[in-house]
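Coordinates in review
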Amino acid sequence: MMPNNVEIPIEVLCSGKPEVFDNFYGAFGYGNTDFTYTAPYKRQYQYLSAYNNHGEYMRIHNILTSHGQGDKFFIEDGQNYGNPQHDGQPTPPEHYYYDKVVSRVESGVLRYNWETVDQAYDVIVGSNMKLIVEACYIPSALRSHPSAPSYDLADYNEWHDFIFEFVTHLINRYGLEEVRTWYFEVWNEPDNVKEWVENPAYFLALYDYFVAAVKAVDEKLKVGGPAVKQHFGSFGAGAITIFKAFMDHCSKGINYKNGMKGSPLDFISIHCKGGRPGFSRNPSTQTMFDSIKEYAEILEDYPEFKSLEFFNDESDVVWSGNLGVDNESWLNFRNTHYFPGFVCKMVNQYITIVRKELGLNLTIVDSDNCHLHWEKRLFSGNRSQFTPFFTYPSTDLLRKSIFNAYILLGKLGNEMIPVASAADGFGNKFGALATRSSSGVFSVMVWNFEDGVEDDINERTINLNFSDLNVPVSSKLVHYRIDKHHSNAHQVWAEMGKPKRPTLSQIEDLRSREHLEMLEPVKDIAKTTDLFLALDMPMHSISLVMIVPANEEVLNTPSTPEGSREIGGNGNEQVFLSWSPIKSDRFSHYEVYRREVGTEKYTKISTDYSVDISVYVDSTVQHQVSYEYVVAAVDYFGHTSNKSSSVVID
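Attention here is on the structure that accompanies the text. These numbers come from a predicted model, not from an experiment.

Notes on the overall build of the protein chain
Per the secondary structure count, the protein chain includes 14 helices and 31 strands. Seen through its C-alpha atoms, the protein chain measures out along the principal axes to roughly 75 × 65 × 45 Å. For the protein chain, buried positions account for 61% of its 650 residues. For the protein chain, the share of sequence-separated contacts (at least 6 apart) that also reach a separation of at least 24 residues comes to 75%. If the 57 positive side-chain charges of the protein chain are averaged to one point and the 85 negative ones to another, these points end up 1 Å apart.

And the structure:
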């Protein structure tokens, strides 16, 4: 126990009644669509899909107004969301029809072009992720005038027909069974439209024609909304108005499309976050959950919708993701261990507050934190899980600590085990989420986290007691940690003196520490029915304790790596490798082996435990030398799989 620590008892009731535990937090997002198929974003997807139980859903803006020009308008014009700004303003004629999905020929007939949709969605589906299809905004060809605001719809019947053709195309390309696992959301934050707040009928009609079109393609497709913001102060002032009008309309309003009562609704979505620049410099889980409670109270008036799927599909620490440390210095928390600590506590509280206390059927929590293009330089503090070694559009990425939070959460099991504590502050200032997998692996996430960016306060010793554990012979104890000094490349960078352009040696040091790190070596556990662990937890720290029983099953052989030679952040040549992740809760790390083409002996080039995802960057290559690589997987008992087939990189 650390000096002056308060001891906190937490009981893991291993024989208690388990509950299903699902990856409801495995959803991400960004704006807009056209970044998806650029080289930096393709690289980001290689990371996002490189671990077991990775993010399942992606939600992106502007699919219907995608322009097919990648990051052109971000790089050349500085447009944060990558679309040329023209709503209600004079613009060059070529910008009137910047969106390519639908256009109007001289006869007035609509012509569809799904190329940009396919470019983006192929990347996402190819990364083994699913879509939350957000039908925002109105394409230019469907507005009252091409330069009219992006919510200005000229003809609702044309909107219906366009959505019908859009969804039909998705099914033809990706298959009905796949698309049935997606979600179709009518808009993004309709409360931003003043005209809709003043008269919600326009938005409600948009939804009626939208849901009718989707359901006309296939009745089992899931449609919902309204994806309104939270309300605090003057922020989101129209959100409650839109939400109440939407719920009332879906319940008993006159449907604008068919004249019948109500409108189909499969899920309910809102956007509630922990604060915003200009309002608070202390991101707060209480701010987030108090806002959710406000919507839950409204839902009490609509019992017919109480069991519907419930989303917070922009569940971020703060708003204004395009701002970084150059704008607000306190946003540096996005670079540090504070960000993953907030997210892990948030996941635990979604269970205790939203599911259990409020009784909502929470199925999606989407953190809108994949805005890679906003991370313009190393640790600029934007809403991204990665930071570039040189200026965007760099593909040479370093993992932020927040990325390790999702790897840690991905190691939780599929059953939730009860935990209990009589300590004051349990579930708010500290807590635990205990799980068990179908193969018998116990994974317990323990957190010590109080809202506020100060670290050096309220260290605690969490006395974790597993009762009725019944550990079999030859089990292993694994202890991962995220804190100031673990799983935190930003701290390593700070100790280097925060170099703007790290040397090659510094880059290698950063890469050796960017992964999810263990607090201590893997330990043997003797056969026992009880286990006691004293965890010294600094403020804003996360531990994951795993008890892994022996298993004779050998890990699968990794897939053949794919790779390419490229120029790294220091101007050095390097090789980037990726392969499919091993899907096993006994997986520990990969070993990467290399040899020069024409030689016989492979040499292990990865350091122990550091390659915890199916991505590797070899920055030690020589110019004009060809290399051959193979990969093996290692479990927590030190057993190594067969080596993969090799890939040659010239």
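The discussion continues.
Digging into the environment of Met346
Relative to the helices and strands, Met346 resides in helix H11 (residues 338-357). Exposure remark for Met346: the relative accessible area of 2% places this residue in the buried category. For the pair Met346 and Glu514, spaced 168 residues apart in sequence, the C-alpha separation works out to 23 Å. Filtering out sequence-adjacent residues up to four positions away, Met346 remains in contact with Met288, Phe289, Ser315, Val365 and Ser367.

Thoughts on the sheet that holds strand E31 (residues 647-649)
Read from one edge of the open sheet, four strands run E28-E27-E30-E31, paired in antiparallel fashion. Among the strands making up the open sheet, the edge pair consists of strand E28 (603-604) and E31. Across three bridges, the pairing between strand E30 (residues 627-635) and E31 is antiparallel. Across the sheet, Tyr627 pairs through a bridge with Ile649, a residue of E31.

Section: helix H8 (residues 201-217)
Between the first and last C-alpha of H8 there are 25 Å, a value that for 17 residues agrees with the 24 Å anticipated at 1.5 Å per step. Listed as buried for H8 are Phe203, Leu204, Ala205, Leu206, Tyr207, Asp208, Tyr209, Phe210, Val211, Ala213, Val214 and Lys215. Elements in contact with the buried residues of H8: helix H5 (156-174), strand E8 (183-185), helix H7 (194-198), strand E9 (222-229) and helix H9 (239-252).

Structural notes on the pairing of strand E19 (residues 460-467)
In terms of burial, E19 is a largely internal element, seven of the eight residues being buried. Relative to E19, strand E1 (residues 6-13) runs parallel, the two sharing eight bridges. Note on E19: the bridge partner recorded for Val6 is Arg460. In the sheet, E19 pairs with strand E23 (residues 531-537) via seven bridges, with the strands oriented antiparallel. Residue Asn463 lies in a different strand from E23, and its bridge partner there is Ala534.

Conventions we followed
Residues numbered from 1 in each chain as written. Predicted model: local features only at pLDDT ≥ 70, side-chain atom pairs only at ≥ 80, totals over all residues. Heavy atoms only, no water. Helix = DSSP H or I, 4+ residues; strand = E, 2+ residues; numbered from the N terminus. Buried < 20%, exposed > 50% of the residue type's maximum accessible area, 1.4 Å probe, protein only. Contact = heavy atoms within 4.5 Å. Lys, Arg positive; Asp, Glu negative; His and termini not counted. Charge placed at Lys NZ, Arg CZ, Asp CG, Glu CD. Pairing = 2+ DSSP bridges. Expected span 1.5 Å × (residues − 1).

Don't take any of this as a statement about function, it's just geometry.
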